[in-house]
Amino acid sequence: MKHDTLAKLPKRMSVGRKAVRLWPLIVGLMASLVITVSLVRAFAEESLPFRDPYTGETGEEWEEISTIHDDLTYALALAAGFSVTDSITLQIWDQLVDSEQIGPGDSISYTNCTGGAFYPTPDPDDVCGRRIHSHAIWPMWDSMKDENHAVTSRFGPYSPFFHFPHDNDRDLGALHDWGWGLTDTLVGYEAYAWGGPAEYTVMQASCLYTRTAVITTGIQAGSLEAFATYLHSLADYYSHRECIECMDNLGMPWATHTLTGYPPCDYNPLNPQPNDVHGREFYTYTDSLRTDEAIQHLYGELVSRSLQREGTCYPVSMDTPLMTISGSPTLSETLYTFVHAWDFEHPYQRRAQCDSIAAAVLAQRLPSRRIWLPLVMR
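Attention in this report is confined to the structure presented alongside it. (Residues numbered from 1 in each chain as written. Predicted model: local features only at pLDDT ≥ 70, side-chain atom pairs only at ≥ 80, totals over all residues. Heavy atoms only, no water.)

1. Considering the overall build of the protein
Secondary structure assignment for the protein yields 12 helices and 6 strands. Here the protein holds 378 residues, and the buried ones make up 56% of them. For the protein, contacts bridging at least 24 residues in sequence account for 69% of all contacts bridging at least 6. Only carbon and sulfur atoms are counted for the fraction: they give 55% of the accessible area of the protein, which is about 16,000 Å². (Helix = DSSP H or I, 4+ residues; strand = E, 2+ residues; numbered from the N terminus. Buried < 20%, exposed > 50% of the residue type's maximum accessible area, 1.4 Å probe, protein only. Contact = heavy atoms within 4.5 Å. Areas by Shrake-Rupley, 256 points an atom, 1.4 Å probe, with all protein chains shown as cover.)

2. A closer look at the packing of helix α9 (residues 288-308) against helix α10 (residues 331-340)
Axis separation between α9 and α10 bottoms out at 10 Å; the angle between their running directions is 140°. Considered as vectors, α9 and α10 are oriented oblique to each other. Both α9 and α10 take part in a crossing whose hand is right-handed. For the pair formed by α9 and α10, the contact residues are Ser288, Thr291, Asp292, Ile295 and Tyr299 on the first element and Leu331, Leu335, Phe338, Val339 and His340 on the second. The residue inventory of the contact of α9 with α10, partitioned by class, reads 6 nonpolar, 3 polar and 1 charged. (Axes fitted to C-alpha atoms, helices over the stretch in contact; angles between N-to-C directions. Parallel < 35°, antiparallel > 145°, perpendicular 65-115°, else oblique. Left-handed = near helix turned anticlockwise from the far one by under 90°. Nonpolar A, V, L, I, M, F, W, Y, C, P; charged D, E, K, R; others polar.)

3. Here we look at helix α7 (residues 169-180)
If you check α7, its first and last C-alpha atoms are just 14 Å apart, much less than what 12 residues at 1.5 Å a residue would give, namely 16 Å. Those residues of α7 that fall on the buried side of the exposure criterion are Asp171, Leu172, Gly173, Ala174, Leu175, Trp178, Gly179 and Trp180. The inward-facing, buried residues of α7 contact α6 (159-163), β5 (186-195), α8 (224-249) and α9. Regarding α7, its N-cap is Asn168, as a side-chain oxygen of that residue lies 3.2 Å from the backbone nitrogen of Arg170 further along. Phi for Gly181, located one or two positions after α7, is positive at around 80°. (Expected span 1.5 Å × (residues − 1). Polar contact = N/O pair within 3.5 Å; in protein donor to acceptor, adjacent residues only side chain to side chain.)

4. Some words on the pattern of salt bridges
Overall, the coordinates contain 16 salt bridges when judged by the stated rule. The partner of Arg241 in a salt bridge is Glu293, and the shortest N-O contact between them spans 3.2 Å. On the criterion of sequence distance, the pair formed by Arg241 in helix α8 and Glu293 in helix α9 is long-range, its members being 52 residues apart. Residue classification places Glu293 among the partly exposed positions, given a relative accessible area of 37%. As a salt-bridge pair, Asp287 and Arg280 come within 3.2 Å of each other at their nearest N and O atoms. (Salt bridge = Lys/Arg side-chain N within 4 Å of Asp/Glu carboxyl O.)

5. Things to note about the packing of α7 against α8
Contact geometry of α7 with α8 gives a least axis separation of 7 Å together with a crossing angle of 155°. Viewed along their axes, α7 and α8 adopt a mutual orientation that is roughly antiparallel. Along this stretch, α7 crosses α8, giving a crossing that reads as left-handed. Seen from α7, the contacting residues are Leu172, Leu175, His176, Trp178, Gly179 and Trp180; seen from α8, they are Ala226, Phe227, Thr229, Tyr230, Ser233, Leu234 and Tyr237.

6. Section: the environment of Gly279
Of note, Gly279 is situated in the loop between α8 and α9. For Gly279, a relative accessible area of 0% corresponds to the buried category. Apart from the residues lying within four places of it in its own chain, the contact partners of Gly279 are Gln273, Pro274, Tyr285 and Phe344.

7. Things to note about the state of the cysteines
By definition, a disulfide links two cysteine residues through a covalent bond between their sulfur atoms. On inspection of all chains with the given rule, the structure shows 2 disulfides. Cys128 shares a disulfide with Cys207; S-S distance 2.1 Å. Judged by the sign of its S-S torsion, about -90°, the cystine formed by Cys128 and Cys207 is left-handed. Here Cys128 is found in helix α5 (residues 124-128), whereas its partner Cys207 is found in strand β6 (residues 207-215), with 79 residues between them in sequence. (Disulfide = S-S within 2.5 Å.)

8. Describing unusual backbone geometry
A cis geometry characterises the amide bond from Trp138 onward to Pro139, with omega recorded as 0°. By the element assignment, Pro139 lies in the loop between β4 (135-138) and α6. A positive phi is found at Glu100, a non-glycine position, where the angle reads about 70°. Of note, Glu100 is situated in the loop between α4 (84-99) and β2 (101-102). Under the relative-accessibility criterion, Glu100 is labelled buried at 2%. Unusually for a residue other than glycine, Ser328 sits at a positive phi of about 50°. Tracing the chain through its elements places Ser328 in the loop between α9 and α10.

Everything listed here is a matter of geometry and, on its own, says nothing about what the molecule does.
Shown next, in the form of structure tokens:
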């Protein structure tokens, strides 16, 4: 393992990246790489296609989404007091951290791949020394939708930073300050792995390397888009919390999912199950408690942002009854239902629950009255 600091070099695209990649041309290895690449999902995509919040259009040709990152973000933003337009922005840009690009089929309706950039890949001869490094294991550039600009990609060098963040100043602290606009610079880290002919995964890699880097995202610090990106990583922290702890205890420089051997990280995205490490984040499993925690933290951040910045309505408290929903449950109770009433295989019910929360909030929330400081001081 090795860690280095990348100076503030000019960002530029790597030229001829595909031409210099060494991919073993055997089916077994490719299958292993596909599995490795996909093992970065948190609050995993469910069998539910994206629904365009502006048009209502949806269908099998749209990307699958996470109801946590997508539908629930919209409902929570409305409850926190954001306008419909700003709530949609938060919803879309939260999901884009995973999706990179969203659209029906080959079309691109929404993307966060605008203006991002990567540093040139380090030379494994320089960073690996005598450790075997005959082929690249991580990042997986070919699996990205835009290998030149998709900095939040789950398959790129910044994947562990955005999707397996630690709850510390380096990771979530940096994302928080950038998302809130407390700093214009997002400092994170890159992750790379190389291995020998029989090494296919990050866990097997002979040479693991990280380096600190100033990330060019193409997203304005402090904007709603940046804030939504931070919210996604915050949710991913809760989703991956036990896996991150497991990998830290193993001495791994960054966290990753595995297929066997380490239960907190055991997840196969090619065959998701209601009782796997991410499936248990819903329904009556003990693991779903971290989903409750994530939602509470996300809502707290949204309320704080709404009150300090863009909010147009008073936030709805967790104890407020939502009158248009049968039985008038409180906001807290409706969120509990969202998490615990249905297992992983019932995302349509969760989407319907989010729709009912959004409609109830819109029907009863009150416009806020802002007192502008310059007027008060006159």
